[in-house]
Amino acid sequence: DADKEGFLRSETSLIQTIGRAARHVDGRVIMYADIITGSMRRAISETSRRRRLQISHNRRNNISPRPLERPQHRNVLLDVIGGSKGDKEIKKKKKEKKMSGKNGGDIIRRDEPKRVQENSGDAGGRDAQIKTTKTTSERKMKLGFKNKEAALETISLLESSKPLNKRAPTIALLLRRARSHPHQTSGMRDSIKVFENWLERHKAKMAAKKEREKEERREERLKRLARTKEEREKNKLKKKLER
C-alpha cells in the first residue's frame, strides 16, 4: 500500500523505511502500489541521490560494504549453571586438542595416565596419579543451587571471575530461579539462604562504599574551600602591602 499517501506513506516515512532496509548489506525495498505517488517519486529520487554519493565515497576510499562483526563474549552464567551439551562438547574437543602432541601425536586422554601407572609396577607413580586435583568439569558439577555447597562454590567462582558490579545481578538471577523451582528440595532452600545472606552482605558493603565515597567527596570539598579561603586572605594581604 505504498501509494496510499498519509502519515505512514509520506515522503519522510518512506525514506526512513528505505534507510532502515539499507542498513543491511543485502537490503532491498519493494514498494507495492497501483500508481507512483508524489511521495514515492520524491523518496526514490532522494534515496537514489544518497546512494550515488555513498557509492562514490566508497570507490574513492576503497571501501567494501560488509556486515558488522561483533566478538562473541563468554557467558559466565552458562559456566555457573553447567552450560549446554554443545558447549561441553566444544570444550572437550579444545581440551583434547591442547593435550595432543605438538607434532601431531596421539591424544592423551585423562584416564590413560592412570591406566598406564596401574599396569606398571610403580606403586608410587600410581599413588601420585590418583591424587589429582579437581578438574573444571568436576567443579562445574557442583555449581548452581542444588545444595549449600553448590551455592558456596558458585559464589566463589563468581567472586574470582566477575567484577564487583556484575556479581549481584547473577546471584539475584540464581536466587530467583531457585525460589521458583517447581521441585524445591531442602538443599535448594539452604542455597536460597546462602544467596540471600550474600546479597544482604553485598548490599551493606555497597552502602558502606557509597558512604565512604560521599565522605571523601565532602572532605575534598572542604579542602578546596579552605585553599580558596587561604588564597583570598593572601590576596587581601598582598593588596594591603601594595597600598
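Residues numbered from 1 in each chain as written. Predicted model: local features only at pLDDT ≥ 70, side-chain atom pairs only at ≥ 80, totals over all residues. Heavy atoms only, no water.

**With respect to the overall build of the protein chain**
Logical step 1: Check the secondary structure of the protein chain and you find 10 helices and 0 strands.
Logical step 2: Starting at the N terminus and walking to the C terminus, you meet the elements of the protein chain as α-α-α-α-α-α-α-α-α-α.
Logical step 3: Across the 243 residues in the protein chain, those meeting the buried criterion constitute 19%.
Logical step 4: Considering only residue pairs separated by 6 or more positions, the protein chain has 57% of its internal contacts joining residues 24 or more positions apart.
Logical step 5: A total accessible area of about 20,300 Å² is found for the protein chain, and carbon and sulfur atoms account for 50% of it. (Helix = DSSP H or I, 4+ residues; strand = E, 2+ residues; numbered from the N terminus. Buried < 20%, exposed > 50% of the residue type's maximum accessible area, 1.4 Å probe, protein only. Contact = heavy atoms within 4.5 Å. Areas by Shrake-Rupley, 256 points an atom, 1.4 Å probe, with all protein chains shown as cover.)

**Notes on the packing of helix 9 (residues 164–179) against helix 10 (residues 186–242)**
Logical step 1: The contact between helix 9 and helix 10 brings their axes to 10 Å, and the two run at 150°. The orientation of helix 9 relative to helix 10 falls into the category roughly antiparallel. Handedness of the helix 9/helix 10 crossing: left-handed. On helix 10, the residues touching Leu-164, Arg-167, Ala-168, Ile-171, Ala-172, Leu-174, Leu-175, Ala-178 and Arg-179 of helix 9 are Ile-192, Phe-195, Glu-196, Trp-198, Leu-199, His-202, Met-206 and Lys-209.
Logical step 2: Among the residues forming the contact of helix 9 with helix 10, the class breakdown is 12 nonpolar, 1 polar and 4 charged. (Axes fitted to C-alpha atoms, helices over the stretch in contact; angles between N-to-C directions. Parallel < 35°, antiparallel > 145°, perpendicular 65-115°, else oblique. Left-handed = near helix turned anticlockwise from the far one by under 90°. Nonpolar A, V, L, I, M, F, W, Y, C, P; charged D, E, K, R; others polar.)

**Details of the side chain of Asn-58**
Logical step 1: On the secondary structure map, Asn-58 appears in helix 2 (residues 38–60).
Logical step 2: We classify Asn-58 as buried; its relative accessible area is 13%.
Logical step 3: With residues up to four places along the chain from it excluded, the contact list for Asn-58 reads Ile-63 and Pro-65.

**What about the environment of Ala-150?**
Logical step 1: With respect to the helices and strands, Ala-150 occurs in helix 8 (residues 148–161).
Logical step 2: You can call Ala-150 buried: its relative accessible area is 3%.

**What about helix 9?**
Logical step 1: Taking 1.5 Å of rise per residue, 16 residues should cover 22 Å, and helix 9 covers 24 Å from first to last C-alpha, within 8% of that figure.
Logical step 2: Inspection of helix 9 places Arg-167, Ala-168, Thr-170, Ile-171, Leu-174, Leu-175 and Ala-178 among the buried residues, and these make up the whole buried set. (Expected span 1.5 Å × (residues − 1).)

**Re helix 8**
Logical step 1: Compared with an ideal rise of 1.5 Å per residue, which puts 14 residues at 20 Å, helix 8 spans 20 Å between its outermost C-alpha atoms and is within 8% of the ideal.
Logical step 2: Of the positions making up helix 8, those classed as buried are Ala-150, Ala-151, Glu-153, Thr-154, Ile-155, Leu-157 and Leu-158.
Logical step 3: Sitting at the amino-terminal end of helix 8 is Asn-147, which places a side-chain oxygen 3.3 Å from the backbone nitrogen of Glu-149. (Polar contact = N/O pair within 3.5 Å; in protein donor to acceptor, adjacent residues only side chain to side chain.)

**Comments concerning the nonpolar core**
Logical step 1: Of all hydrophobic cores here, the largest spans 14 residues; its most connected members are Phe-145, Ile-155, Ile-171, Phe-195 and Trp-198.
Logical step 2: Those elements that place two or more of their residues in this core are helix 8, helix 9 and helix 10.
Logical step 3: Sequence-distant contacts of Trp-198, defined by excluding residues within four places in its chain, comprise Ile-155, Glu-159, Arg-167, Ala-168 and Ile-171.
Logical step 4: By size, the runner-up hydrophobic cluster in this structure holds 6 residues, among which are Ala-2, Ile-18, Met-40 and Ala-43. (Core = buried A, V, L, I, M, F, W, Y, C linked by side-chain atoms within 4.5 Å.)

**Examining the pattern of salt bridges**
Logical step 1: Taken as a whole and assessed by the stated rule, the structure comprises 7 salt bridges.
Logical step 2: The salt bridge involving Arg-179 is made with Glu-196; its shortest N-O contact spans 2.5 Å. Separated by 17 residues along the polypeptide, Arg-179 in helix 9 and Glu-196 in helix 10 bring together distant segments of the chain.
Logical step 3: Judged by relative accessible area, Glu-196 falls into the partly exposed class, the value being 28%.
Logical step 4: Glu-215 is the salt-bridge partner of Arg-218, the closest N and O atoms lying 3.5 Å from each other. Of this pair, Arg-218 and Glu-215 both sit in helix 10, 3 residues apart, roughly one helical turn.
Logical step 5: Look at Arg-218 and you get partly exposed, because its relative accessible area is 42%.
Logical step 6: Within this structure, Glu-46, Arg-49 and Arg-50 form a network of salt bridges that share partners. (Salt bridge = Lys/Arg side-chain N within 4 Å of Asp/Glu carboxyl O.)

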